[in-house]
Amino acid sequence: MTKVSDEIKEQLSLEQVVEHIRWNEGLVPAIVQDVDTREVLMMAYMNRESLKLSLESGETWFWSRSRQELWHKGKTSGNVQQIVSLKYDCDGDTLLVEVKPKGPACHTGAVTCFHNEIIGLPANGAEQDIKEEARSTADSDTRSSSSSSAEGRFEVLAELESVIAERERERPEGAYTTYLFDKGVDKILKKIGEEASETIIAAKNKDNDELRLEVSDLMYHLLVLLQERKLPLDDIMSELSRRHERPRRD
């Protein structure tokens, strides 16, 4: 029996894939997901040519509807996406591309394009619980009466630290903080990096409302890291106090 060449196998594979895809005006949406973190990075469109180039090169190629041209993700920035797997859904009208990214997916510098949170949704999971508890604590009569003192201003951090410790102990199912602790320190550090990047972007954009939200998210994830490492917030405060008490050299 004659052995089928790799080139013919690739051609057959591509032809089979194309037959199963429901093209809409020659395009199909492609969702790109980090194969390790499972985070959705971006959504773009592929046509037959960009799909072929993606399969041949092992890196993502897309079709730009605005520029009406093919584009190789990361060609300019270096943030290419190495394809691990490429699947289509049950209807054949959407692709799922699992990748190992070489850098941020978003042109803003954020890890994922989906970094704009819509607020006002019903509380769901520990992250929302923590935010709501911190806000309600800060807005309580007791907090208002003591907010003029330096000590009272930061009591909410101690309460937030306590809530995070409770989440780690109880690990409520489906909770965001449980997810962070289950994934471990690498995931927590990744989230800190993302929140730090988004804080920088908000500051550069001179958007104080966005900056307030991003700094709050960053501080929350830093407290999760301290809890994971069993480093009390009191130790951080003591270190800051020691630095403040040192004689100035200027």
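Read on for a plain summary of the structure. Being a predicted model, the structure only gives us computed values, none of them experimental.

Take the environment of threonine 94 next. If you trace the backbone, threonine 94 turns up in the loop between strand S5 (81-88) and strand S6 (95-101). Apart from the residues lying within four places of it in its own chain, the contact partners of threonine 94 are Val28, Pro29, Ile31, Lys87, Tyr88 and Asp89. Within polar-contact distance, the side chain of threonine 94 engages the side chain of aspartate 93 at 3.3 Å.

With that settled, consider a nonpolar patch on the surface. A surface patch of nonpolar side chains, amounting to about 310 Å² of accessible area, comprises Leu231, Ile236, Met237 and Leu240. The residue methionine 237 is located in helix H10 (residues 233-245) in this model.

Moving on to the packing of helix H6 (residues 155-170) against helix H7 (residues 176-183). Closest axis-to-axis distance for the H6/H7 pair is 9 Å, and the angle between their directions is 65°. Compared by their axis directions, H6 and H7 come out roughly perpendicular. Viewed along their axes, H6 and H7 form a crossing whose handedness is right-handed. Facing H6, whose interface residues are Ile164, Arg167 and Glu168, H7 presents Thr177, Thr178 and Phe181. Partitioned by chemical class, the residues of the contact of H6 with H7 number 2 nonpolar, 2 polar and 2 charged.

This brings us to the environment of leucine 27. Mapping leucine 27 onto the fold places it in the loop between helix H1 (6-20) and strand S1 (28-34). Judged by its relative accessible area of 15%, leucine 27 is buried. When the C-alpha atoms of leucine 27 and serine 50 are compared, they prove to be 9.8 Å apart, with 23 residues separating the residues in sequence. In this structure, leucine 27 is in contact with Arg22, Tyr45, Met46, Asn47, Trp63 and Arg65, ignoring residues within four places of it in sequence.

Moving on to the side chain of serine 54. In this structure, serine 54 sits in helix H2 (residues 48-57). Other than its neighbours up to four places away in sequence, serine 54 contacts Met46, Glu59, Thr60, Trp61 and Ile83.

We now examine the packing of H7 against helix H8 (residues 185-204). Between H7 and H8, the least distance of the axes is 5 Å, while the angle of their chain directions is 120°. One element, H7, and the other, H8, form an angle in the oblique class. From H7, Tyr176, Tyr179, Leu180, Phe181 and Lys183 reach across to H8, where they touch Val185, Lys187, Ile188 and Lys191. For the contact of H7 with H8, the class distribution of residues is 6 nonpolar, no polar and 3 charged.

Glancing now at the packing of aromatic side chains. Using the criterion set out here, one finds 3 aromatic pairs in the structure. Aromatic side chains phenylalanine 62 and tryptophan 71 sit 5.1 Å apart centroid to centroid with 40° between the ring planes, which places their arrangement in the tilted category. Classification of phenylalanine 62 as buried rests on a relative accessible area of 0%. Classification of tryptophan 71 as partly exposed rests on a relative accessible area of 23%. Taken together, Tyr176, Tyr179 and Tyr220 form an aromatic cluster joined through their ring pairs.

Moving on to helix H9 (residues 208-228). Over its 21 residues, H9 extends 30 Å from the first C-alpha to the last, a length consistent with the 30 Å expected when each residue adds 1.5 Å. Buried residues of H9: Glu214, Asp217, Leu218, Tyr220, His221, Leu223, Val224, Leu225, Leu226 and Gln227, and no others. Regarding H9, its N-cap is aspartate 207, as a side-chain oxygen of that residue lies 3.2 Å from the backbone nitrogen of aspartate 209 further along.

According to the stated counting rule, one finds 13 salt bridges in the structure shown. The partner of arginine 243 in a salt bridge is glutamate 239, and the shortest N-O contact between them spans 3.0 Å. One end of the pair is arginine 243 and the other is glutamate 239, both in helix H10 and 4 residues apart, which spans about a single turn. Here the salt bridges do not stand alone but share partners, grouping Glu39, Lys190, Lys191 and Glu194 into one network.

Pairing is mixed in the open sheet, where 4 strands are placed in the order S2-S1-S6-S5. Unpaired on one side and paired on the other, strand S2 (40-46) and S5 mark the two borders of the sheet. Strand-to-strand twist of the sheet, defined as the mean angle between neighbouring strand axes without regard to direction, takes the value 25°. Alignment of S1 against S2, held across 6 bridges, turns out to be antiparallel. If you follow glutamine 33 over to S2, its bridge partner there is valine 40.

Quick notes on the rules
Residues numbered from 1 in each chain as written. Predicted model: local features only at pLDDT ≥ 70, side-chain atom pairs only at ≥ 80, totals over all residues. Heavy atoms only, no water. Helix = DSSP H or I, 4+ residues; strand = E, 2+ residues; numbered from the N terminus. Contact = heavy atoms within 4.5 Å. Polar contact = N/O pair within 3.5 Å; in protein donor to acceptor, adjacent residues only side chain to side chain. Patch = residues over 30% accessible without salt bridge, like charges linked within 9 Å, V, L, I, M, F, W, Y side chains within 5 Å. Areas by Shrake-Rupley, 256 points an atom, 1.4 Å probe, with all protein chains shown as cover. Salt bridge = Lys/Arg side-chain N within 4 Å of Asp/Glu carboxyl O. Axes fitted to C-alpha atoms, helices over the stretch in contact; angles between N-to-C directions. Parallel < 35°, antiparallel > 145°, perpendicular 65-115°, else oblique. Left-handed = near helix turned anticlockwise from the far one by under 90°. Nonpolar A, V, L, I, M, F, W, Y, C, P; charged D, E, K, R; others polar. Buried < 20%, exposed > 50% of the residue type's maximum accessible area, 1.4 Å probe, protein only. Phe/Tyr/Trp six-rings, centres within 6.5 Å; stacked < 30°, edge-to-face > 60°. Expected span 1.5 Å × (residues − 1). Pairing = 2+ DSSP bridges.

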